[in-house]
Amino acid sequence: MASLSAAGLRLGPGQWLALAWLVGLLALATLAPALPLPYPPGTPDLAHMAEGPSSATHHWLGTDALGRDVLSGLVFGARTALFLTLPAALLAALLGGIAGGAAGFWGNRLRLGIGGWVLAVSILAGVLGFSRTMVAVGAGLAAALWASGRLFRRAIALSVPLDSLVLGTATALDTVPRLILVLALVARGGVSALGLGLVLGLTSWASPARQVRARMLAVRALPFIDAARASGLSPVRVWWLHALPHALRPLQTALPLSIAGLLALESTLSFLGVGLPPEAASWGQQLSAARQAPQAWWAFTFPALALAATIFSMHFLSRSRRLSVPSPNR
Amino acid sequence: MGRLLLRHLGQTLLGTWLLASAVFLLSRAGSDQVLQQAFAAATEQLAPAASAADVQASRAITRHRLGLDQPLFYVGRTPAGGWQWRGWHNQYHQWLQQLSHGSLGTSFRTGEPVTQRLARALALTLPLTIAAAVLAALAALALAGWLAAAPRWQLPVRSVLVLLQSMPLFVIALALLLLLANPEALDWFPANGLTAVADAGNAGRFSSSVLLRTLPQLVLPITALVLSTLPELTLQLDAALSYELRQPYILTAKAKGLQSSAVVYRHALRNALLPTLAQLAELLPAVVAGAVVVEVIFTLPGMGRLLAEAAAARDYPVLVGGVLLVGTARLVSLLLADLSYSWADPRIRWQA
Amino acid sequence: MSLLLLSNCTARRDQSDAIRIRWAHDPETLTPLALQNQAAMDASNLMHVSLLQANSQPLAIEPALAAQLPTMARQGDSLTTFRYTIRPAATWDDGRPVLATDVACTLKLMSCPGLPNETARNNFGRIQQIEPDPADPRAFTLICQGQAPDLLLVTGDFFILSEASLDPRHRLRRYSLPALQRWPATRPPDSALQALARHYLAADLANHPERSPGCGPYRLARWEKDRYLSFRRKAGWWGHALSGLPLALQARAARLDYLVIPDASAANLALRRGDLDVYPQFPAADFQRLTATPTAAVRLYVSDSYDIALAGFNTRHPVLADARTRQALSRLFDTAGLLRGTQHGSGQRTASLVAPFDRANYNDSLRPVPYDPPGARALLQQAGWQPSATGWHRPGPKGLQQLHLVVRYRAEDALFATAALQFRAAAKALGIGVELLPTESALFGKALAEGDFDVFMRTLRGNPFAINFTPLLHSASPSETNATRFSNPACDRLIDAIANTNDSLARARQLRQLQGLLQWQAPLVPLFFLPNRVAARRDCQGLYVSSLKPGFVAPTIERTAAAAAR
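Residues numbered from 1 in each chain as written. Chains lettered and ligands numbered in written order. Predicted model: local features only at pLDDT ≥ 70, side-chain atom pairs only at ≥ 80, totals over all residues. Heavy atoms only, no water.

Section: the overall build of chain B
What chain B contains, in helices and strands, is 15 helices and 2 strands. The burial tally for chain B puts 53% of its 352 residues in the buried class. Considering only residue pairs separated by 6 or more positions, chain B has 68% of its internal contacts joining residues 24 or more positions apart. (Helix = DSSP H or I, 4+ residues; strand = E, 2+ residues; numbered from the N terminus. Buried < 20%, exposed > 50% of the residue type's maximum accessible area, 1.4 Å probe, protein only. Contact = heavy atoms within 4.5 Å.)

Next comes the structure, spelled out in structure tokens:
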């Protein structure tokens, strides 16, 4: 336990290094368009294909098999890596937190009033593409029922199997390995960076949902929740204001790992040529071009190092506790 | 415990069916993939001219021959925007019926039964991934046991493992390929997949000479897979072992005069194995799904590449079959995990 | 470790009688009625024989299964007849002779309802009737619609299948060819045809071609999908008794193994290690590297080819409907730079779809389209486009049009990946938005046929025997072949005239005219003709490279005596 607080407050030299790398990367990614790079990314230099690092051509890190400058690919690849995986990881954490938190708090016994049911059905109808007026009528009915007093709402309420619903969906997502799942989803035609981020986020919320749900089961039983209920707060407010903030704690350590996982997944997809469009610079894509010119070590080494260093830094930061477990000798 | 298992199984079964149905319906909705296959030759080469009307007519014939002119699902949209009951004679119903007879349909690309393609890919993938999983598990056991006995090495070894863990599988595989199977660097291993041609004399039999011949081609893929699974297994096992070794019962065992290694292997390991077993069972779906990346890089025609290519080419029957297969593997893995729990922790057995 | 390496060496030795050739993809299906890719075509050429065959040395159409070229006669003003005689020596594997009834059965199978024969039906539908010669069971006459010169190729270019194995009960003899061809799509096949289709489909020839062996020199000994195909020469093949056969029928190699190695660098490695003997379509970069530092083991071959790399515009798209815009965009391809960067100098820039080395037909007064972004900008402004901070716009019939292009090309094709990036960079410098969509092969054809693109890039494989632009550019052709949906009355007239004339001088004149017209209209941008590069182990002799697909002749390759003794 002592080492836990130490990891939270004091950083060792290794952790400082990891943090510095990540901050530096973030700065590089943000400033990429303003940097004085000799070549733009994703533009083939037809006179210098797969040539090594050289100061004469100003390709400081060489060019890959398609004639793209490795250095500018690295810089703009950092931009893609961070600005795609960060929001995707946050989206997954948000979705997972809410779904897992709700499932853990209410279990299978959430009583949803008739108004809520009408609203849910009309939203479903809207998604399925029924006529707009029907949806509007449904929503209006729900609002009317909502306004018409608490007693009436409670009288005709059915319980929602929220827990089973969330766990079932999470299981369905987990049935197939994530790479195959994303591959199947993305393969339907080209996908934009935004679309890929959404797909990554929407397929990655199962694990945070499980963590938050497990934590919520424990939080729910704590005395202060009962106290909040007894004070007359509505269940939704108890959940939102008191239970959820505590239940979200596991996500703090899980987030860097989740980002690292998504970064690996994104680069793997780009490597396989199904992720981002080819004009978007990405480390995975740079690495896939390395196969076309096996003699061009520079086209492999630099993006591989950047990718490994970034993922390592994130692992290192979230795992520093485990690394600093005191050995029995001491 | 029995009820929990049943619930797990039910959930997975439902999830698999939903996912497979969704992929099936997505695949057939408005997709003229099959038709396109029949006309692929026309676009690749400048074939003698056929008029647009001829092409339309032969398209209609193909649709009918393949049963694609039937409605897709029990209900469908009418052009006016409403919903309409389409009857039992629809493509989805037929697919379900086929499925209940154990048939997954035929591949769009090759016209082969999907089961046959899956079986062929599995025959390659399973030896590869199972060998990798077993080797990784054994190596993790040995490494974690050694670390428990040699605490001085813990920090450096753990750091190396975490470093290894931060390499995505494709980087490891690519590095192995470019380092060890590259005439520009070290040319020690063949890079291409299983293209060794079996002699027609012993056709149909997987003789030992073929195995020997393909072995060098499997060394690098297996190494890549082991290197990518080893860190997580070892770190987990190592952490669990360190925890167990601080428990009072270990002190008792040591006080009885047992040797350090005996303490580790007889007492601590059994308890520490519990989470690792769960991890191993989790590996099973991945074992079946194959390692897409490794198979692509080393050009092995296994499950992973089959599914990846099916996804890219929208060969949906194969994709649906793959999803079903992986889902089944998941069912089995749940069963195995629960069984192994009760083996490793007798308390669970007593409670059941 | 040494054990593994050792076993690898022994593996190399005991296969030395086989010639091992690289394929990038598995042929996937080998139905003789619906061949879908070049690999399937090559494989079928080993197992089956057609009446005529394109020979590469000398470059000509020569009789294969036919005893000599057919005698041709015009009938009225819309029909042509071809009288063929089959070589008396030709037999099936069981010793039965190949007869006119086999040809009739093949033609009927290509039109029979209920069979997967749509491609063949479209390609050979112009053969309307077959009339056997009552006096000679090996002689027959084919009656074809039209009088175009390319009909000769149509009548001789399908594989003859065995009636004894595919229609043993002679069910098809009861039907005439026209009756089958005109079978209405709505009418279900009658019981005899259904039984025939069941028999055909049960054989599953697509995956088991050995169940109905052809009369060709090789049989498929083993097929491990996605791994390799192994062909063995038949023991007493009829062609060995004859002389003067086309090269591909001389069958000198006793065993041909095609290895499926999708990855180019892995294939290159296999060649250098000696696990592979012939590597067709050898990548340009590797070619250059091996030329610079020759190795003792590998020999390189290069020849012209009729494969042209080109880009095309979707002319139905309102933005690309006018010739000026297309001309402007075609000035954004740096063809000279791409040729240098991706082909390392070999290959040939071209102004038109006709190969520059075809001196008789190539219009040498045309210049290849230059790389000229300022010129492109000027042309765009002439076409009514106005640049702004958000891109190029112009008023159209349905409101403001924006110049934003979706470019499709086959994924995993390094040449077009480079070309697409170059085009995008050039367009971006002008302020034109370009979206790149590398597409999987099977989907690529579909996207093109459905018009789901603005610009496409691809290779087109031509052949030296028939110059016919009807499928590619005629307004009556379906979008499966006329992907640009180009339609221009003047071009249609010229294309028809070229397809239907037998006068080579007149055709050359019309071709020159068409090339000029097409360069101005610019539905397609010809980038360059690709060279045909083959790399082979030095101990392989008898390798003929040519401009014909697949670029070399496989059955003539033999290992030198020194290698065989090793």
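Observations concerning the overall build of chain C
A tally of helices and strands in chain C yields 19 helices and 24 strands. What you see for chain C is a C-alpha radius of gyration of 25 Å, in line with the 24 Å of a compact globule of 566 residues. Overall size of chain C, expressed as C-alpha extent along the three principal axes, is 75 × 70 × 45 Å. For chain C, buried positions account for 60% of its 566 residues. Of the roughly 21800 Å² of accessible surface on chain C, 53% is carried by carbon and sulfur atoms. (Rg over C-alpha atoms; globule rule 2.2 N^0.38 Å. Areas by Shrake-Rupley, 256 points an atom, 1.4 Å probe, with all protein chains shown as cover.)

Let's talk about the sheet that holds strand β16 (residues 391–396) of chain C
Residues and elements named next belong to chain C. Taken together, the 3 strands give an open sheet; going across it, the order is β15-β16-β17, and neighbouring strands pair in antiparallel fashion. Of all the strands in the sheet, the pair left with one neighbour each is β15 (386–388) and β17 (399–402). This sheet shows a mean twist of 40° between the axes of neighbouring strands, independent of strand direction. With 3 bridges joining them, β15 and β16 adopt antiparallel strand pairing. Along β16, the bridge assignment pairs P387 with W392. (Pairing = 2+ DSSP bridges. Axes fitted to C-alpha atoms, helices over the stretch in contact; angles between N-to-C directions.)

So, the UniProt feature "transmembrane region" (unreviewed entry) in chain B
Residues and elements named next belong to chain B. With numbering aligned to this structure, UniProt lists the feature "transmembrane region" (unreviewed entry) at residues 122–148, 160–181, 283–304 and 316–337. The distance separating the terminal C-alpha atoms of residues 122–148 is 37 Å; by composition the span is 100% helix and 0% strand. For residues 283–304, the helix share is 68%, the strand share is 0%, and the end-to-end C-alpha distance is 14 Å. (UniProt positions renumbered as here; feature names shortened; annotations may be inferred.)

Side note on the domain arrangement of chain C
All names here are of chain C. For chain C, the assigned domains are domain 1 (2–21 + 225–230 + 251–305 + 532–565), domain 2 (26–211) and domain 3 (307–529). Domain 2 and domain 3 are separated by 36 Å when their C-alpha centres are compared. Tallying the contact residues gives 12 residues for domain 2 and 10 residues for domain 3. Summing the contributions of domain 2 and of domain 3, the shared interface buries around 760 Å²; its carbon and sulfur component is 62%. Seen at the junction of domain 2 and domain 3, the total is 0 salt bridges. Applying the counting criterion to the domain 2 and domain 3 interface returns 2 residue pairs in polar contact (both at pLDDT 80 or more). Looking at the side of domain 2 that touches domain 3, the elements that each hand over two or more residues are β2 (52–56) and β3 (59–63). (Domains from an automatic or database assignment. Buried area = accessible area lost by both parts, 1.4 Å probe. Salt bridge = Lys/Arg side-chain N within 4 Å of Asp/Glu carboxyl O. Polar contact = N/O pair within 3.5 Å; in protein donor to acceptor, adjacent residues only side chain to side chain.)

Points about the interface of chain A and chain B
Between chain A and chain B, the residue contacts involve 43 residues of the former and 49 residues of the latter. In this assembly, chain A packs against chain B so that about 4000 Å² is buried in total across both faces, 73% of it on carbon and sulfur atoms. Seen at the junction of chain A and chain B, the total is 0 salt bridges. On inspection of chain A and its partner chain B, the count reaches 0 residue pairs in polar contact (both at pLDDT 80 or more). Here the element with the most residues in the side of chain A that touches chain B is helix α15 (residues 297–323) of chain A; it accounts for 10 residues. Among the residues making up the side of chain A that touches chain B, the classes are represented as 26 nonpolar, 12 polar and 5 charged. (Nonpolar A, V, L, I, M, F, W, Y, C, P; charged D, E, K, R; others polar.)

A look at the environment of R220(A)
All names here are of chain A. Summarising the element assignment, R220 is placed in helix α10 (residues 206–220). Residue R220 is classed as partly exposed on the basis of its relative accessible area, which comes to 26%. Taking the C-alpha atoms as reference points, R220 and G104, 116 residues apart in sequence, are found 8.0 Å from one another. When near neighbours in sequence (up to four residues on either side) are disregarded, R220 contacts G104, F105, W106, G107 and I225. Only 3.1 Å separates the side chain of R220 from the backbone oxygen of G104, close enough to count as a polar contact.

Quick word on the pairing of strand β19 (residues 433–439) of chain C
Residue and element names in this part refer to chain C. Across 7 bridges, strand β18 (residues 404–410) lies against β19 in parallel orientation. Looking at β19, one finds that L405 is bridged to V434. Each parallel crossover has a hand, and the one from β18 via helix α14 (residues 414–430) to β19 is right-handed. (Right-handed = clockwise from strand over helix to strand, strands pointing away.)

A closer look at the packing of aromatic side chains
Centre distance and the angle of the planes are the two values used to describe a pair of aromatic rings. Counting across every chain of the model gives 20 aromatic pairs over all chains. Plain terms: the ring middles of F105(A) and W106(A) are 5.0 Å apart, the flat faces sit at 85° to each other, and that makes the pair edge-to-face. Ring geometry for W146(B) versus W153(B): centroids 5.8 Å apart, planes at 35°, classification tilted. Judged by relative accessible area, W153(B) falls into the partly exposed class, the value being 42%. Through a chain of ring-to-ring contacts, the aromatic side chains of F105(A), W106(A), W239(A) and W240(A) assemble into a single cluster. The aromatic ring of W183(C) is capped on one face by R187(C), whose charged end is 3.9 Å from the ring centroid. (Phe/Tyr/Trp six-rings, centres within 6.5 Å; stacked < 30°, edge-to-face > 60°. Lys NZ or Arg CZ within 6 Å of the ring centre and 35° of its normal.)

Some details on helix α9 (residues 264–273) of chain C
Counting buried residues along α9(C), 8 of its 10 residues qualify, which places the element largely inside the surrounding structure. Residues S265(C), A266(C), A267(C), N268(C), L269(C), A270(C), L271(C) and R273(C) constitute the buried set of α9(C).

Details of the UniProt feature "domain: Solute-binding protein family" (unreviewed entry) in chain C
Taken from the UniProt record, the annotation "domain: Solute-binding protein family" (unreviewed entry) applies to residues 61–462 of chain C. This span, residues 61–462 of chain C, is 29% helix and 25% strand, and a straight line between its end C-alpha atoms measures 15 Å.

Observations concerning the packing of helix α6 (residues 114–149) of chain B against helix α13 (residues 303–313) of chain B
Residue and element names in this part refer to chain B. Two numbers describe how α6 lies on α13: the axes approach to 8 Å, and their chain directions differ by 140°. Taken together, the axes of α6 and α13 lie oblique to each other. Here R117, L118, A121, L122 and T125 of α6 lie close against α13, whose contacting residues are M303, G304 and L306. Residue composition of the contact of α6 with α13, by class: 5 nonpolar, 2 polar and 1 charged. (Parallel < 35°, antiparallel > 145°, perpendicular 65-115°, else oblique.)

Examining helix α2 (residues 38–47) of chain C
Residues and elements named next belong to chain C. Across the 10 residues of α2, 8 count as buried, placing the element largely inside the fold. All buried positions along α2 are accounted for by Q38, A39, A40, D42, A43, S44, L46 and M47. Next to the buried residues of α2 lie β1 (18–23), β8 (218–224), β9 (228–233), β10 (255–260) and β20 (455–461).

A few points about the sheet that holds β19(C)
Strand order across the open sheet formed by 6 strands is β14-β21-β13-β20-β18-β19 (chain C), with mixed pairing between neighbours. Pairing within the sheet leaves two strands with one partner each, and these edge strands are β14 (348–349) and β19 of chain C.

What to know about the side chain of S166(B)
One can find S166(B) in the loop between α7 (154–165) and α8 (169–180). By relative accessible area, which is 1% here, S166(B) ends up buried. A distance of 2.7 Å separates the side chain of S166(B) from the backbone oxygen of L163(B), its partner in a polar contact. In this structure S166(B) touches A308(A), I311(A), F312(A) and H315(A), once residues within four positions along its chain are discounted.

Things to note about the environment of A100(C)
Residues and elements named next belong to chain C. Looking at the element boundaries, A100 is found in helix α3 (residues 100–109). The spatial distance from the C-alpha of A100 to the C-alpha of D133 is 8.3 Å, given a sequence separation of 33 residues. In contact with A100, not counting residues within four places along its chain, are I86, I130, P137, R138, A139 and F140.

Concerning the pattern of salt bridges
Taken as a whole and judged by the stated rule, the model has 22 salt bridges over all chains. Of the charged contacts in the structure, one is a salt bridge between D163(A) and R213(A), with a shortest N-O distance of 2.8 Å. Pair noted here: D163(A) is in helix α7 (residues 162–175) and R213(A) is in helix α10, with a separation of 50 residues, a long-range link. A single burial state applies to D163(A) and to R213(A), both of which are buried. Residue R173(C) is joined to E163(C) by a salt bridge in which the shortest nitrogen-to-oxygen separation is 2.8 Å. Highlighted residues: R173(C) in the loop between α6 (163–166) and α7 (177–181) and E163(C) in helix α6, separated in sequence by 10 residues. On the accessibility criterion, R173(C) (45% relative accessible area) is partly exposed. Through salt bridges with shared partners, a single network forms among R20(C), D277(C), D539(C) and R559(C).

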